[in-house]
Amino acid sequence: MIVQTSGEEDGITRVFRWLWHWKYTICIPMMLCGLAAIAVYSNVPPQYSSQAVLVIDVRQRQLMPGESVISSLPQENPVVKTELDIISSRNTAAHVLELLRQRGIPLVPPAEKVHPARLFVRSVSELVASATDAAESIQNAPPSAPLVVAPSAAPADLAPPATTAPSAAPPSAQARRGTEAAIDDLLAGLRVSNDGRSYTIFIEYVSPDRNFAAAAANAFADAYLEKQVEIYDSAAARARDFLGPRVESLRAQLEATELKRQARRQEAGLTADGDASLLTQRLTDLGQELAKVRSAIAEARARLETAQKGTPDAGSSIESPQLQALLSEKSKLERARANYVENGAVRGQALVSVNLQLDGVNREIAEEYQRSLGRLQQEIVVQERKKAIIDADIERMRQALDRNASAQIEIVQLDREVEASSAIYESFLARYKETIEQQGIAVPDARLISAAEPGARDGAGRMVKWLLASLVMGAAVGGVAALGRGALESRKASPDAVAAETGAAVIGFIPRVSRGRLRRYSRALPDPRSDWSAAFTLLQMNALRQKAPGACTVIAVTSVRRGDGKTTVAIGLAQSAVAAGLNPLLVDCDIRQPQIARLLAIGRRPANAAADPESLRHLEHMELHRTPWNSDVLSLAAGGRPESFAVQYRRLATLMREARKAYDLVILDCPALDDHPEAEHLAELADRAVHVVRWPRSRMAEVRAAVRRLGGIVAERRVGVAFVRFDPGAHRFPMIQGPMARPVGA
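Residues numbered from 1 in each chain as written. Predicted model: local features only at pLDDT ≥ 70, side-chain atom pairs only at ≥ 80, totals over all residues. Heavy atoms only, no water.

Caption draft 1: Representation of the side chain of Thr-502 in the model. Within the secondary structure, Thr-502 is located in helix H15 (residues 495-502). Residue classification places Thr-502 among the buried positions, given a relative accessible area of 0%. There is a polar contact of 2.4 Å between the side chain of Thr-502 and the backbone oxygen of Val-498. A distance of 3.3 Å separates a polar side-chain atom of Thr-502 from the backbone nitrogen of Ala-504. (Helix = DSSP H or I, 4+ residues; strand = E, 2+ residues; numbered from the N terminus. Buried < 20%, exposed > 50% of the residue type's maximum accessible area, 1.4 Å probe, protein only. Polar contact = N/O pair within 3.5 Å; in protein donor to acceptor, adjacent residues only side chain to side chain.)

Caption draft 2: Highlighting the packing of aromatic side chains. Applying the stated criterion across every chain, the model contains 4 aromatic pairs. Their ring planes at 75° and their centres at 5.8 Å tell us that Tyr-205 and Phe-212 sit as a pair that is edge-to-face. No difference in accessibility class separates Tyr-205 from Phe-212, as the two residues are buried. Above the face of the Trp-20 ring, Lys-23 is positioned so that its terminal group lies 4.1 Å from the ring centre. (Phe/Tyr/Trp six-rings, centres within 6.5 Å; stacked < 30°, edge-to-face > 60°. Lys NZ or Arg CZ within 6 Å of the ring centre and 35° of its normal.)

Caption draft 3: Structural context of the pattern of salt bridges. Counting across every chain of the model gives 14 salt bridges. For Glu-501, the salt bridge is made with Arg-704, and the minimal N-O distance between the two is 2.6 Å. On the criterion of sequence distance, the pair formed by Glu-501 in helix H15 and Arg-704 in helix H23 (residues 700-711) is long-range, its members being 203 residues apart. Within the structure, one salt-bridge network assembled from shared partners comprises Arg-90, Glu-180 and Asp-184. (Salt bridge = Lys/Arg side-chain N within 4 Å of Asp/Glu carboxyl O.)

Caption draft 4: Broad picture of the state of the cysteines. One pass over the structure, following the stated rule, counts 0 disulfides. Lacking any disulfide linkage, Cys-670 is separated from the closest cysteine sulfur, that of Cys-589, by 4.8 Å. (Disulfide = S-S within 2.5 Å.)

Caption draft 5: Spatial organisation of the confidence of the model for the protein. For the protein, per-residue confidence averages 75 on the pLDDT scale, and residues scoring 70 or more make up 73% of the total. The model gives residues 138-169 a pLDDT under 50, and that stretch makes 16 contacts with residues more than four places away or in other chains. (pLDDT = per-residue confidence, 0-100. Contact = heavy atoms within 4.5 Å.)

Caption draft 6: The environment of Leu-259, seen in detail. Summarising the element assignment, Leu-259 is placed in helix H9 (residues 240-268). Overall, Leu-259 belongs to the exposed group, its relative accessible area being 64%. Considered as a pair, Leu-259 and Val-418 are 159 residues apart in the sequence and their alpha carbons are 9.9 Å apart.

Caption draft 7: How the structure looks around the pairing of strand S6 (residues 553-559). Most of S6 sits inside the fold, with 7 of its 7 residues counted as buried. Of the two faces of S6, the one lined by Thr-553, Ile-555, Val-557 and Ser-559 and the one lined by Val-554, Ala-556 and Thr-558 are each fully buried. Strand direction decides the pairing type here: S6 and strand S10 (residues 665-669), joined by 5 bridges, are parallel. Following the sheet pairing, Val-557 is matched in S10 by Asp-669. Of the pairings in the sheet, the one linking S6 to strand S11 (residues 688-694) comprises 5 bridges and is parallel in character. When the sheet's bridge partners are listed, Ser-559 is paired in S11 with Val-692. (Pairing = 2+ DSSP bridges.)

Caption draft 8: Spatial organisation of the nonpolar core. By size, the foremost hydrophobic cluster in this structure holds 34 residues, and its most contacted members are Leu-54, Leu-186, Ile-203, Tyr-205, Phe-212 and Phe-220. Secondary structure elements with two or more residues in this core: strand S1 (49-56), helix H3 (77-87), helix H4 (90-102), helix H7 (173-188), strand S3 (200-206) and helix H8 (210-233). In terms of residues, this core owes the most to one element, H8, which gives 12 residues. In this structure, Ile-203 is in contact with Ser-50, Gln-51, Ala-52, Leu-54, Ile-87, Leu-190, Arg-191, Ala-217, Phe-220 and Ala-221, ignoring residues within four places of it in sequence. Counting 31 residues, the second largest nonpolar core, distinct from the first, contains Trp-532, Ala-574, Val-633 and Val-690. (Core = buried A, V, L, I, M, F, W, Y, C linked by side-chain atoms within 4.5 Å.)

Caption draft 9: Seen up close, H3. Looking only at H3, the buried set comprises Val-79, Val-80, Glu-83, Leu-84 and Ile-87. Buried positions in H3, seen along its axis, are confined to an arc of 150° and lie on one side of it. Exposed residues pointing more than 90 degrees away from the buried face of H3 are listed as Pro-78 and Asp-85. In this structure, the buried side of H3 is in contact with S1, H4, strand S2 (190-193), S3 and H8. (Arc of directions from axis to C-beta.)

If you want it as C-alpha cells, here you go:
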C-alpha cells in the first residue's frame, strides 16, 4: 500500500516535470489559436442562426428488422446529396409552411442580404454612431427595430389581420402568388449542408427573428422525417398473406425430416454431430489404451533384463525400498569392518560380529533380489493378459463398424435434406417476421440528434466557446509537438534495440494478462496449452541453454524498478521448471518487502518434511514454504529479531552451496536495482541473470545500464532479457536466437 502511494506521487511529479519542460512548446500553439479565434469571431457579422442536425442512421435498429419491404436509403454520398436536395425543395417548403400555420407561428420575411464585408463596415459605423449618440441612448439598436414586428413568441391571434383575413372568392392567381412568395421567403433563409465525410445533415435557418429561426429549422427537420415514415407505412403489408401459409407448410416438412434423421442416428449409434459413430470413438480409445499397455510391457521387460544381467549389489534398476535399505546397511557394515581392520583389531570380537552381520545382510539382499525379479515377471504376465483382452475388443469393434457403413451414408443424405429444408424455412420465416414487425413501428432513415434552439444575437455568448475550443486545439497541437520532440530524446526499450545495443539475448516474451488471471496462474500450474505456459516454457529453455547435465544452475531475476514484473517472472520460471520435471528452489531475496509468500498464499512448510535438505531446515531467520505446485520457497525476511544484510548475505551464500546439491535449479527473486543497493551483491551468487523489462514503460537508457551492470557481476557473465506485459500480436519483434551471453561493455 505504501508502494502504491509512492508510485502515484512519483507519477504526478513526473507529469508536472514534463509539462514544465515543454511549457513553451505547449503554450505557444495555445496563444496562437486563441488569437486566431478572436480574429475570426470579430469578423462574424451579426446574425440570428439556428441549426437542427439530422443523421442518416447507419446503426442497426432494434425495433425495425434488418431488411424491410422497402429498402432503406443506401449509405452513399450521392444519396446524401439527393436528400439535401429533397429537404431544400419547394414541396418540402410547402409542407413546412403548413406546419408553421398549424403551430400558429407567423412567417417572418428574411433580412436584406448584404455582403459580409459591407455588413462588417455597417456594424462598425453603427457602433460609432451609437457612441456619439450616447446621451440619447435607446434600448434597442436601430437595425433591430423592424424585428419586433412579428416575434415568434406571439400567439396566433396577434398576427397581422391582412394575412389571416378570409377571402370570399376561391383561390385566385394572387393567392397562389402569395403562397409562392411565402415559399420563396422561407427558402431564402434555409441552408442545408453536409461535410461530405459523414451522414450528418445540418439544417440551418437564418432569420431576423431568433425564435422564428429555431422554429423554421425544426419544422424542416420534422417535415423531412414525417415524409419518410409515410413512405414506409404505405408499403408494409403486401406479402403477409402469401408468406403465412408457406411458412406453416415448410415448418411441418422440416420437423418430419429432422425426426427421421434422429431416429436413424439412434438406430446406427451415431453421435449428435454425425461426424463419427460411438463405435469409432470406442475403437480410438482402445487403440490408445493398447499403446499404453505395450509401452508398459516393454518397460517391464527392459527392467527385468537389466536386473537379470546385473548383480544384487547393483540394485539401482530395481525399485525396491527394502533392497535399497539392505544395500545401505551393507555399505555401513563394510565401512565399519574397514575401520576395524585399519585400526588393527583383526581378531577382536567386534570385527567378528560385523562379519556375521554382513553375511546375514548379504543373504537378505539375495533373497530380496529374487523376490523383486519375481514381481517384475508377474507384472509382465498381467500386462500380456490385458493386451490380449484389448485386442479382442478391438476386433469386435471393427466388425461392428463394417455393419454400420451403409447407415452412415443414409444419414449423410438425411443431413443434406434437413439443411436444405432448414435454409428455406428460415429464409421464409425471417421474411414473414420482418413483414409483421414493420406494421405500425416504421421509423425514418434519419433521426433528429439536435433540435434547433433560438440563436443568440450578434454571436453573444459564443466567445467563451470559441476561446475554449481554440485553447483545447492549441493544447492538443502543443502536446503532440511535445511528444514528438520527446520521442527524439529518448526511446523505449524494444527487443531489437536491446539486442543491438547491449549484446544480451532476448530470451522470452511474457503476454499481458489481467490481475485475476495472474493470481490464478501464480497459485496453480497453468494449462500447458495456454500462451502463458508456452511463454514461460520458452523462457526457461532459453535461460538453461548450455547447462551442464546434472548440475544446478542459479538464476538471478531482477529489474530496474519495483513493479516491472520480476516476481511474476521468477514464479513462472519455477512453475515451468516443475512442469519440466526439475526440482527448483525459489528464494525471495527482498528482506524489506517480500512478495512471493503473499502472492502464492502459502504457509510455513512443516519442519519434518522428508524432502527438506538438512542445511535448509536449520537456517535461522529464514522461512521455508511449500507452494501448491510442489516447489520450495525460501524467504530471507523471517519474523523475530531483524538482522543486517551482511549477515543475511553470508547465510544465503552458505545456502547456495548446499542448495546446489539438493536442487536442480535455484531462482533468486532479487530486489530492483534502482530501489535496493544490495541487489548487485545478491546477483554475485548467481550463474546467470534474467533482467525483466516492462513493455512499454522501461526506457532504453535504463535497460542498457542495468544489463551492463549485471554482466559485470554475474558469475558466468551470462545475462538475458525478458519482456513482460508484451502483446505479440501488435508488436512482432523477432526472438533473438542463441544462448545468454555477456553484454557489450560488461
